[in-house]
Amino acid sequence: MLLLFGLVAGGAAGFFAGRRGAPRRGAPQLIPPLPDDLVVSDTASYIAAHVSAESTFEPVAFVLLERCAALVSLPCALVMRERPGAAAQIAAVAGGLDARLMGVDVPLDSQAGRALTDGLPVVGPKDEKVIAINRGDRRRETGGGIAVPIAQGGSVYGAIVAFGEPAIGSREAISLISEEARKFIGVLVPAYLATAAARRAETDELTGLANRRSLGKAQARSGTSERASLIVVDIDHFKAVNDDFGHQVGDAALKHVSRILRQTLRPRDTAARIGGEEFAIWLPGADQATGAEVAERLRTSVAGSPFRHAGAERIITISVGVASYPTPIPVVENLMGAADAALYQAKRGGRNQVVASPARAG
């Protein structure tokens, strides 16, 4: 009887003890040690039974990919989508593949994308990458690879992608990955759909940033044990942008600002869209000086980065308010009101500027 630890060489144990690249929403969730008599086909069900529903997908995906990578001696990625026809993204990586690929869109016209659209295994040519993504890392330029579709109920929800040419041959590699995937699909697909639904509930659909609900959760996780800053951002003259150029340009402006927020912030920070053209950024551990510095960096980045839409280049600016806990705001629940007051002063003062709380009258 094959045992999980013998086949994964301790990979799963390392995950549950806490690993690099652990779940992004807080610390990895621990489960009881896997029983010695647990067969591999029961692994996904065991994880699902001992990990909360919203946390099931990542450990199941990790164990599956670790096994596939070991079987074919190649780095592997799991590509998933919520339904046929939807966009696909890299949802998990293993075997030494760069974790920065997580969340990257997978073109459906790539070799890997064809596995999703056609529902059949794909063998990539030796001179072509199985996923055509250029992230500036030469290690990902290796051609070849295979993509094995993941289907349930007649619908293809994803694919397991192995990068490079398998020494055991493509036919054997496809057979091994297909058999391994079969053991996990019953848990993997529902867990992914549940995770995606939870993510949608806390994500702004247009920009992909957190929404107000998710921002509140991030603030609650920080508690009152450490200092923190809240930045509120408003796009200047946004109504005029919509009125003069149309809502498509307005949407492009919102997405443009959102990209700058992502590029500027630390991984532990939370950027959220909380209104039409209003954003909030939660900076745990940042005092008021740091919060003001980040706010100024955001302001100058937006002002210095025109965005293009329909062949035209446009410049927008933002006004920014900053409030910090516990100095000068001693009650964390009052941060939003204080930051809004500072933002209002920035707009009254001529826009395209940063004001830190407490805002002075006048």
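Everything here concerns the structure above.
The rules behind each value
Residues numbered from 1 in each chain as written. Predicted model: local features only at pLDDT ≥ 70, side-chain atom pairs only at ≥ 80, totals over all residues. Heavy atoms only, no water. Pairing = 2+ DSSP bridges. Helix = DSSP H or I, 4+ residues; strand = E, 2+ residues; numbered from the N terminus. Axes fitted to C-alpha atoms, helices over the stretch in contact; angles between N-to-C directions. Contact = heavy atoms within 4.5 Å. Salt bridge = Lys/Arg side-chain N within 4 Å of Asp/Glu carboxyl O. Buried < 20%, exposed > 50% of the residue type's maximum accessible area, 1.4 Å probe, protein only. Arc of directions from axis to C-beta. Core = buried A, V, L, I, M, F, W, Y, C linked by side-chain atoms within 4.5 Å. Phe/Tyr/Trp six-rings, centres within 6.5 Å; stacked < 30°, edge-to-face > 60°. Lys NZ or Arg CZ within 6 Å of the ring centre and 35° of its normal.

### Here's the deal with the sheet that holds strand E9 (residues 278–284)
Part 1 of the reasoning: Here we have 5 strands laid out as an open sheet, ordered E8-E9-E7-E12-E13, and mixed in their pairing. Both outer strands of the open sheet, strand E8 (270–273) and strand E13 (354–356), are each paired with one neighbouring strand and no more. Neighbouring strand axes in the sheet, compared pairwise and without regard to direction, differ in orientation by 20° on average.
Part 2 of the reasoning: Here 8 bridges tie strand E7 (residues 228–235) to strand E12 (residues 318–325), and the two strands are oriented antiparallel to one another. Opposite Val-232, over in E12, you have Gly-321 as the bridge partner.
Part 3 of the reasoning: Here helix H11 (residues 335–348) sits on the sheet in contact with E7, E9, E12 and E13, set at roughly 145° to E12.

### What to know about the pattern of salt bridges
Part 1 of the reasoning: Counted by the stated rule, this structure contains 15 salt bridges.
Part 2 of the reasoning: Among the salt bridges present, the one from Glu-82 reaches Arg-200, with a minimum N-O distance of 2.1 Å. With a gap of 118 residues between them, Glu-82 in the loop between strand E1 (76–80) and strand E2 (88–94) and Arg-200 in helix H6 (residues 170–201) connect regions that are remote in the sequence.
Part 3 of the reasoning: Take Arg-200: its relative accessible area is 47%, and that puts it in the partly exposed class.
Part 4 of the reasoning: One salt bridge connects Lys-183 with Glu-180, and the closest N-O pair in it is separated by 3.4 Å. With Lys-183 and Glu-180 both in helix H6, this residue pair falls 3 residues apart, about one helical turn.
Part 5 of the reasoning: The class for Lys-183 is partly exposed, based on a relative accessible area of 22%.
Part 6 of the reasoning: Taken together, the shared-partner salt bridges connect Arg-67, Glu-180 and Lys-183 into one network.

### Comments concerning the environment of Glu-333
Part 1 of the reasoning: The topology assignment puts Glu-333 in the loop between E12 and H11.
Part 2 of the reasoning: Looking at Glu-333, the relative accessible area reads 63%, which means it is exposed.
Part 3 of the reasoning: As for Glu-333 and Gln-219, which are separated by 114 residues in sequence, their C-alpha atoms are 9.5 Å apart.

### Considerations on the sheet that holds strand E5 (residues 145–152)
Note on sheets: strands pair through backbone hydrogen bonds, and any given pair is parallel or antiparallel.
Part 1 of the reasoning: Taken in spatial order, the 6 strands make up an open sheet running E3-E2-E1-E6-E5-E4, and their pairing is antiparallel. Of all the strands in the sheet, just strand E3 (105–106) and strand E4 (122–124) have a single pairing partner and so form its edges.
Part 2 of the reasoning: Bridge count for E2 against E3 is 2 bridges, and the pairing is antiparallel. Among the inter-strand pairings, Ala-88 is bridged to a residue of E3, identified as Val-106.
Part 3 of the reasoning: Lying on the sheet, helix H5 (residues 111–118) is in contact with E1, E2, E3, E4, E5 and strand E6 (155–163); it crosses E6 at an angle near 155°.
Part 4 of the reasoning: Here H6 sits on the sheet and contacts E1, E2, E4, E5 and E6; the angle it forms with E5, its principal contact strand, is near 40°.

### Focus on the pairing of E6
Part 1 of the reasoning: For E6, the buried fraction is high: 9 of the 9 residues fall into the buried class.
Part 2 of the reasoning: Taken together, the 5 bridges between E1 and E6 define a ladder with antiparallel strand orientation. Across the sheet, residue Ala-77 finds its bridge partner in E6, namely Val-161.
Part 3 of the reasoning: Here E5 pairs with E6 via 8 bridges, running antiparallel. In the sheet register, Val-148 faces E6, and the bridge partner there is Ile-160.
Part 4 of the reasoning: Connecting the antiparallel pair E5 and E6 is a turn made up of 2 residues, with Gly-153 showing a positive phi of about 60°.

### Regarding helix H8 (residues 238–245)
Part 1 of the reasoning: Along H8, the residues that are buried comprise Phe-238, Val-241 and Asn-242. Buried residues of H8, seen end-on, are gathered within an arc of 95° and therefore sit on one face of the element. H8 presents Lys-239, Asp-243 and Asp-244 as exposed residues on the side facing more than 90 degrees away from its buried surface.
Part 2 of the reasoning: Lining the buried residues of H8 we find E7 and helix H9 (247–264).
Part 3 of the reasoning: Of the residues one or two after H8, Gly-246 is the one with positive phi, at around 100°.

### Notes on the nonpolar core
Part 1 of the reasoning: By size, the foremost hydrophobic cluster in this structure holds 33 residues, and its most contacted members are Phe-57, Leu-78, Ile-160, Ile-177 and Leu-188.
Part 2 of the reasoning: Of all the secondary structure elements, the ones that give two or more residues to this core are helix H4 (57–72), E1, E2, E5, E6 and H6.
Part 3 of the reasoning: Counting residues per element, this core draws most heavily on H6, which supplies 11 residues.
Part 4 of the reasoning: Sequence-distant contacts of Leu-188, that is, excluding residues within four places in its chain, are made with Phe-57, Val-60, Ala-61, Leu-64, Leu-78 and Ile-150.

### A look at the packing of aromatic side chains
Part 1 of the reasoning: All told, the structure shown has 1 aromatic pair when counted by the stated rule.
Part 2 of the reasoning: For Arg-314, the ring lying beneath its charged end belongs to Phe-245, and the centroid distance is 4.6 Å.

### Points about H5
Part 1 of the reasoning: Every buried residue belonging to H5 is among Gln-111, Ala-112, Gly-113, Ala-115 and Leu-116, and all of these are buried.
Part 2 of the reasoning: Residues of H5 that are buried make contact with E1, E2, E3, E4, E5 and E6.
Part 3 of the reasoning: Phi turns positive one or two residues past the end of H5, at Gly-119, with a value near 70°.

### Regarding the pairing of E2
Part 1 of the reasoning: Within E2, 6 of the 7 residues are buried, which leaves it mostly tucked inside the rest of the structure.
Part 2 of the reasoning: Taken together, the 5 bridges between E1 and E2 define a ladder with antiparallel strand orientation. Directly across from Cys-76, in E2, lies its bridge partner Ala-94.

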